[in-house]
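# Observations on chain architecture
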Amino acid sequence: MDENKLKADALVVGGGIAGMQSALDLADQGYQVILVEKEPSIGGKMIMLSKVFPTLDCASCITTPKMSAVANNKNIRILSYSEIQSVQKNGSGFIANVLKKPRFVVEETCTGCRLCEYACPVDIPNPFDLNIGAIRAVRVPFSTAVPQIAVLDMDNCILCGKCARACPVDSIDFLQTEKEVEIEVDTLIIATGFETTPIDAKKEYGNGKLHNVIDGLIMERLLAPTGPYARVIRPGDGKEPESIAYVQCAGSRDETLGVPYCSRICCMYAIKQAMLIAGSLPMADITIYYMDIRTFGKGYEQFYQNAQAMGIEFVKGKVAKISEDENQNPVVRVELIDENSQIIERTHDMIVLSVGMSPKYNPSQVYGVNVDEFGFVKSPTPNLSSTKTNQPGIFATGASTGPMDIVDSINSASAAASSAASYLESVRNGK
Amino acid sequence: MTEKTNPKPEETKIGVYVCYCGGNISDVVDVEKVAEKMREHPNVTIARTDMSMCSDAGQSIVENDIKELGLTRVVIGACAPSLHEHTFRGTVARGGLNPYYFHHVGLREQDSWVHSNNPGGATEKAVRLMYAGIAKANLLKPLDMIKLKAERHALVIGGGVAGLRAAYDIAGRGINVTLIEKTPFLGGRMAQLETVFPTGNNAREDLHSLINEVRTHPLITIHTLSELVNIRGYIGNYDVQIRSQSRGVSGDNAEAALAACTQEVPDDFNYGLTKRKVVYRAYEGCFPSTPAVDWEHYDGKPIEIDGQKVIFENKKKTFDLRIGAIVIATGFQPYEPPRGDYGYDELPEVVTLPQFIRYMGLRDGNVGELTWKGHPVRDIAAIHCVGSRHLAGVHEPQPDGILNNYCSRVCCTATLHQVNELLDEYPNINVYDFYEDIRTYGLEHESYYTEASKNMVRFLRFHGDQRPEVAAAPEGDTHPVLVKGKDYLTNGLEIEVPVDLVILAVGMVPRPVDDLVDMMKIPKGDDRFLLEVHPKLRPVETPVPGIVLAGTAQSPMNIQESCNAASAAAAKVSVLLASGQVELDPFVAKVDLDKCTGTGDCIEVCEYEDAIVLETMTVEGNEVQRAVVTPANCSGCGNCVSACPHHAIDVQGWEVAHYEAMVDAITMEVEL
Ligand SMILES: Cc1cc2nc3c(=O)[nH]c(=O)nc-3n(C[C@H](O)[C@H](O)[C@H](O)COP(=O)(O)OP(=O)(O)OC[C@H]3O[C@@H](n4cnc5c(N)ncnc54)[C@H](O)[C@@H]3O)c2cc1C
Ligand SMILES: Cc1cc2nc3c(=O)[nH]c(=O)nc-3n(C[C@H](O)[C@H](O)[C@H](O)COP(=O)(O)OP(=O)(O)OC[C@H]3O[C@@H](n4cnc5c(N)ncnc54)[C@H](O)[C@@H]3O)c2cc1C
Ligand code: SF4
Ligand code: SF4
Ligand code: SF4
Ligand code: SF4
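All values reported here derive from a predicted model rather than from experimental measurement. (Residues numbered from 1 in each chain as written. Chains lettered and ligands numbered in written order. Predicted model: local features only at pLDDT ≥ 70, side-chain atom pairs only at ≥ 80, totals over all residues. Heavy atoms only, no water.)

## Quick look at the overall build of chain A
Basically, it comes down to this: Secondary structure elements follow DSSP: runs of H or I no shorter than four residues count as helices, runs of E no shorter than two count as strands, and numbering proceeds from the N terminus. Within these notes, the globule rule equals 2.2 Å times the number of residues to the 0.38 power, and the radius of gyration is based on C-alpha atoms. Only protein chains enter the area calculation, which uses a 1.4 Å probe; residues under 20% of their type maximum are buried, those over 50% are exposed, and those in between are partly exposed.
Looking only at helices and strands, chain A features 9 helices and 24 strands. Taken over C-alpha atoms, the radius of gyration comes to 23 Å for chain A, in line with the 22 Å a tight globule of 431 residues would show. The C-alpha extent of chain A, read off along each of the three principal axes, is 70 × 55 × 35 Å. For chain A, the residues scored as buried account for 62% of the 431 residues in total.

## Overview of the sheet that holds strand β3 (residues 73–78) of chain B
Residue and element names in this part refer to chain B. Definition in use: Strand pairing is defined by DSSP finding a minimum of two bridges between the two strands. Lines fitted to C-alpha atoms define the axes here, with helix axes fitted over just the stretch in contact, and angles between the N-to-C directions of these axes take values from 0 to 180 degrees. We call two residues contacting when some pair of their heavy atoms lies within 4.5 Å.
One open sheet holds the 4 strands; their spatial order is β2-β1-β3-β4, and the pairing between them is parallel. The sheet is open, and its two borders are formed by β2 (44–50) and β4 (102–106), each paired with just one other strand. The sheet shows a mean angle of 15 degrees between the axes of neighbouring strands, taken without regard to direction. Strand direction decides the pairing type here: strand β1 (residues 14–19) and β3, joined by 5 bridges, are parallel. From the neighbouring strand, Y17 faces β3, where its bridge partner is I76. Against the sheet, helix α5 (residues 119–139) touches β1, β2, β3 and β4, its axis set at about 155 degrees to β3.

## Observations concerning the packing of aromatic side chains
We count it as follows: The aromatic pairing rule takes the rings of Phe, Tyr and Trp, using the six-membered ring of Trp, and pairs them if the centres are within 6.5 Å, calling planes under 30 degrees apart stacked, those over 60 edge-to-face and the rest tilted. A ring is scored as having a charge over it whenever the NZ atom of a lysine or the CZ atom of an arginine sits within 6 Å of its centre and within 35 degrees of its normal.
Using the criterion set out here, one finds 21 aromatic pairs over all chains in the structure. Note on A:F53 and A:Y300: the rings are 5.5 Å apart at their centroids and 80 degrees apart in plane angle, and the pair reads as edge-to-face. Here A:Y300 lies in helix α7 (residues 300–309) and A:F53 lies in the loop between β4 (51–52) and β5 (57–58), a separation of 247 residues in the sequence. The exposure classification of A:F53 matches that of A:Y300, with both residues buried. Look at B:Y100 and B:F587: their rings are 5.6 Å apart centre to centre, the planes differ by 85 degrees, and that puts the pair in the edge-to-face class. Here B:Y100, found in the loop between α3 (81–94) and β4, pairs with B:F587, found in the loop between β32 (581–584) and β33 (589–591); they are 487 residues apart in sequence, far enough to count as distant. In this structure B:Y100 comes out as buried when scored by relative accessible area, which is 3%. Look at B:F587 and you get buried, because its relative accessible area is 18%. Note that A:K45 overlies the ring of A:F194, its terminal NZ or CZ placed 5.0 Å from the centroid. When the ring centre of B:F185 is taken as reference, the NZ or CZ atom of B:R247 above it lies at 5.1 Å.

## As for the sheet that holds strand β29 (residues 501–506) of chain B
Residues and elements named next belong to chain B. Across the sheet, which stays open at both edges, the 5 strands sit in the order β20-β29-β23-β24-β25 with parallel pairing between neighbours. Sheet topology places β20 (350–352) and β25 (458–461) at the edges, where each strand pairs with a single neighbour. Adjacent strand axes in the sheet meet at a mean angle of 20 degrees when their direction is disregarded. Bridging between strand β23 (residues 379–386) and strand β24 (residues 430–435) involves 5 bridges; their strand directions are parallel. If you follow D379 over to β24, its bridge partner there is N430.

## Focus on the interface of chain B and chain A
Our working rule: Once two parts are joined, some of their accessible surface, as seen by a 1.4 Å probe, is lost; buried area is that loss totalled over both. Whenever Lys or Arg places a side-chain nitrogen within 4 Å of a carboxyl oxygen from Asp or Glu, that contact is recorded as a salt bridge. Counted as a polar contact is a pair of N or O atoms within 3.5 Å, where, for protein atoms, one must be capable of donating a hydrogen and the other of accepting one, and residues adjacent in sequence contribute only when both atoms are in side chains.
The interface is formed by 78 residues belonging to chain B together with 76 residues belonging to chain A. For the pairing of chain B and chain A, the buried interface totals around 6,100 Å² over both sides, and the portion due to carbon and sulfur atoms is 51%. On the chain B side of the interface with chain A, the three residues burying the most area are B:Y441, B:L443 and B:K536, jointly 13% of the side's total. Where chain B touches chain A, the interface holds 10 salt bridges. Applying the counting criterion to the chain B and chain A interface returns 39 residue pairs in polar contact (both at pLDDT 80 or more). Mapped onto the side of chain B that touches chain A, the elements with two or more residues apiece are α2 (56–69), α3, α6 (161–172), α7 (203–215), α11 (446–454) and α13 (559–577) of chain B. It is α13(B) that contributes the most residues to the side of chain B that touches chain A, 13 residues altogether.

## Overview of the domain arrangement of chain A
Residue and element names in this part refer to chain A. Operational definition: Residue ranges assigned to each domain were obtained from an automatic or database domain assignment.
Per the domain assignment, the segments making up chain A are domain 1 (5–101 + 178–193 + 360–428) and domain 2 (198–356). Taking only C-alpha atoms, the centre of domain 1 and the centre of domain 2 are 32 Å apart. At the junction of the two partners, domain 1 supplies 17 residues and domain 2 supplies 20 residues. Of the roughly 1,600 Å² buried at the junction of domain 1 and domain 2 (both faces included), carbon and sulfur atoms supply 70%. The largest share of the area that domain 1 buries against domain 2 comes from S50, F53 and P403, three residues that together contribute 35% of it. Here domain 1 is connected to domain 2 by 1 salt bridge.

## Regarding the site of ligand 5
For clarity, the threshold we go by: By convention in this text, a residue qualifies as near a molecule or strand provided that one of its non-hydrogen atoms is within 4 Å of it. Charged means Asp, Glu, Lys or Arg here, nonpolar means Ala, Val, Leu, Ile, Met, Phe, Trp, Tyr, Cys or Pro, and polar covers whatever is left, Gly included.
Around ligand 5 sit A:Q248, A:C249, A:S252, A:R253, A:C262, A:S263, A:R264, A:I265, A:C266, A:C267, A:D292 and A:R294, and those are all the residues in its vicinity. In terms of residue class, the shell around ligand 5 is built from 5 nonpolar, 3 polar and 4 charged.

## Some remarks on the domain arrangement of chain B
All names here are of chain B. Domain annotation for chain B reports domain 1 (1–145), domain 2 (153–245 + 316–331 + 515–582), domain 3 (254–281 + 298–310), domain 4 (336–509) and domain 5 (588–651). Placing the centre of domain 3 and that of domain 4 at their C-alpha centroids yields a distance of 34 Å. Taken together, the contacts link 5 residues of domain 3 with 6 residues of domain 4. The junction of domain 3 with domain 4 conceals about 520 Å² of combined surface from both sides, 75% of it contributed by carbon and sulfur atoms. Sorting the residues of domain 3 by area buried against domain 4 places N270, Y271 and L273 first, and these three jointly supply 83% of that buried surface. Counting the contacts that link domain 3 with domain 4 gives 0 salt bridges. Counting the contacts that link domain 3 with domain 4 gives 2 residue pairs in polar contact (both at pLDDT 80 or more). Taken together, the residues that form the side of domain 3 that touches domain 4 break down as 3 nonpolar, 2 polar and no charged.

If you want it as structure tokens, here you go:
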């Protein structure tokens, strides 16, 4: 087949947990699926997490086999490091123009041996570890990446050629250019996910400039066994923190930040991280400053109660301000609602801002789908069929449709696959 | 299989892999040490470790080793087999080996997690478990999956919004669906709502748009007043028996019967707020529109229709169907507080939220002033978490011994939605909202909270172990009821709020489905809701193949979440049935006909219907009885193996010889 023109039944955009699940549910019904992922590897946010609530499975124990199942499914084809440029209607189906970005590595021959990576003299901040820790200019994105193919960061490459000499299969190609691929499909699923709300948005919380104030996602990397240090330390000075505090709703439920909604996951991830920290730093004091604890899902309330029993301190209070003392210890100014709303200052060694979720990508231009004021894809029937969009044949799932944890994302993804399958059948039966 | 493809134990070439499990195992077990020990084993060709064997990279290592080193067996020490045994069988198969030439050793649940305080011991145990795995691997035989024809026909149990959604989606995939609903009418609890969050749409209008799609779909058959009474068989081939009751009235005499009926009973659609006749429609516009007789309450007396005395007769009928997969969508019921709790069932001014919604829906247009039992309503208290978030040691368990310690997820937003609607209409009413945490978690839910605040709802926060109390006000007070409690938004101040009406935001409990649970052998969780296999890997599947869950039968959910779960269930059913064929693991009993003498001891102990039976066959000219297994019915439990006096039965993949070899290996001298 002409590699610049592909044909399939369904196109799934975004290879996070939602997109992977949609792709698998369609492929397992016998449909041909193309999965387009913007990054060099599929996996989304979930592959970056440490352990996941409510079961505390390690995130990669759930994600990597899914990634592998996607890679090994004969009905799924992954186009990584690719983005959809435009989508046109084509009868009841669609034609999508995809731009495959140059990896500067020949995908067909690279074996993922990493010899190039070992040879490269250039260290750059590691995006997978949110730029803490370093990685080479050419590398396999992370150890469990799918596909296991190197990618070369031309912006940082000094063109020394060491990688090319090290590569046993001659896969480094400095002259590679981007490639356009045209994909003809009958249905499309948008699963472009979320990004965390910015840590530097709030002046009162130091605009991201305080040394030992981090966000929840960085804490995930600190807690992950594959993370940069494989233990929890203060970013400011590398010291082991003895007192850690979580500030909830930092970035959500805040009109002034343009995020009035609740991000739905941050209460649970904060409790989860607190429990994990309590496990690895048993002597540390952990405090969670919250307005409402929203542990609404199956088994979540018990999770919260367990955390209380473990001695994690839950303080109902509004954190008005975070500053730092001369030792770079963060100081919170908090109104203790349970204690006559008195305002006090408390010093901690480290603060985690429980940042929320906002959409990663706004698909309204390219796909013509309606989005809400925040950019989440909006369903015309949010109750009865939440994965439908205003465009017949285009569905949306996971965190691209609103804040959602993994369990809810997976159900939403299977639901999108169901709706897409029904659409495919109705088109084929000429309905 | 023949000996040729099955090398002798001493000739096997085994690849052994020990997984760090991202730290889950390696934090306790010295994984490198274990691998080192494995290399001493004569059959081990290669022993490796990896951060996560289940990743694509990890799996590729195994695949390559099989191909390049000519491995004949693979043993992987990792998480629980329930998690990734299946994953690794795929790996082994891609490497070119029979997928059952693989053994999975559980080093996480069975070792690192339970011995986290004893790393040395855990490492030794890992070595022993791995040796046992190797011993078993040596004896493995190649097996084939059991392939079965699957009936392209699904049964959906429950005609609420989840069941309807699942039925429609499965049919959309071209698969036949039979939908059974226990009551005479479709719609479930959603029909009892008025406007719904987050759309503000009318619940019954939305519901009926779906009902219309379902009832006009050519592949869907609906049976109301119907229940599952018996089930046999297995995935792809369930034989189910369904019992239907009749409606009692038919098109010709229905309207007349409805008009003539005089016997009245509390109307369960309105949660007992009103009465209805025993010949009834659940609500105007319900589907089916033909009324039905309420058999539970009908007193059996004749009713005079057009001058004729008619006695209604419940003509029950049962019918059988062959079904490939089953969706359970039996839904929830609102928690009903025991008499006296928060004054419920004692004080007439105390209602549950579902009752309140019905009350508001029953009003005849806007009546200027809201009244309750004839009195104007000026002040209302809403109390959250009634029947939810109970604490051990503080709250009494329910009569069944279970503590309702979960959050019911829907009641916060549902309460604030109702309160806002109420205040839109009656801005002068004061609302006091007693809560512990406001859980308006969804994208569009928080706005109900902010709107309630703008509407001047007074929020009062209790602690879970100090919930508010409701009592009758003293004679002559301005209001009939007092709500007392501590408000932790004002430093635990003791407060007493006089009100005209108390709304209890009751939680959700599952509908009683013990009959289904027993018949289908599916598990319930600690919270009584039906239990999924794994919340992330298989969130809508039960451990019984081909039986999946949809909606609030599984846990509290709002409509969107119920419909998503239902569509997800439909996706799983479609995956199972789309090809018309299902595959099962071959771990089932196998009878060695040379040893079997037909004692029938095995049949006595087998707990699964038709899994093993005696059949008459001819051996050397004589008619004899021999045990025969139907693989699809066999669970592989091994009861028969232990019962057979002639050791004629083995469970494939888990033979007695395997266990013996494993026990020998486990008890071997190990030096670390
Ligand atoms: C700190 C933190 C901790 C968490 N912990 C937990 C937990 O313990 N348990 C739990 O259940 N949930 C947890 N979550 C939530 C969880 O991460 C999300 O529910 C889940 O990742 C959502 O999956 P998704 O596939 O919808 O989105 P994503 O994971 O964001 O995946 C989207 C994918 O689409 C790709 N993409 C984006 N735009 C495009 C484009 N234009 N073209 C092509 N591809 C594109 C992205 O690169 C990405 O791979 C946590 C979240 C955070 C922030
Ligand atoms: C007070 C209140 C207000 C709410 N407001 C909202 C809202 O505004 N927005 C929102 O999104 N959600 C709301 N909800 C939640 C919503 O009601 C549920 O999510 C939804 O009704 C669940 O549907 P279901 O199909 O799972 O269950 P159900 O509606 O309970 O349906 C189950 C069906 O199965 C039938 N059945 C049971 N057992 C059997 C059996 N053995 N055989 C055959 N049939 C059987 C039942 O008769 C019933 O018809 C509210 C809930 C409550 C309690
Ligand atoms: S050419 Fe670029 S990528 Fe390759 S080794 Fe040199 S700096 Fe690294
Ligand atoms: S580019 Fe070459 S050296 Fe780098 S991983 Fe691929 S095959 Fe190995
Ligand atoms: S989930 Fe919790 S922390 Fe996150 S926005 Fe909602 S209430 Fe705040
Ligand atoms: S949703 Fe709100 S009222 Fe309902 S149990 Fe949870 S916290 Fe309580």
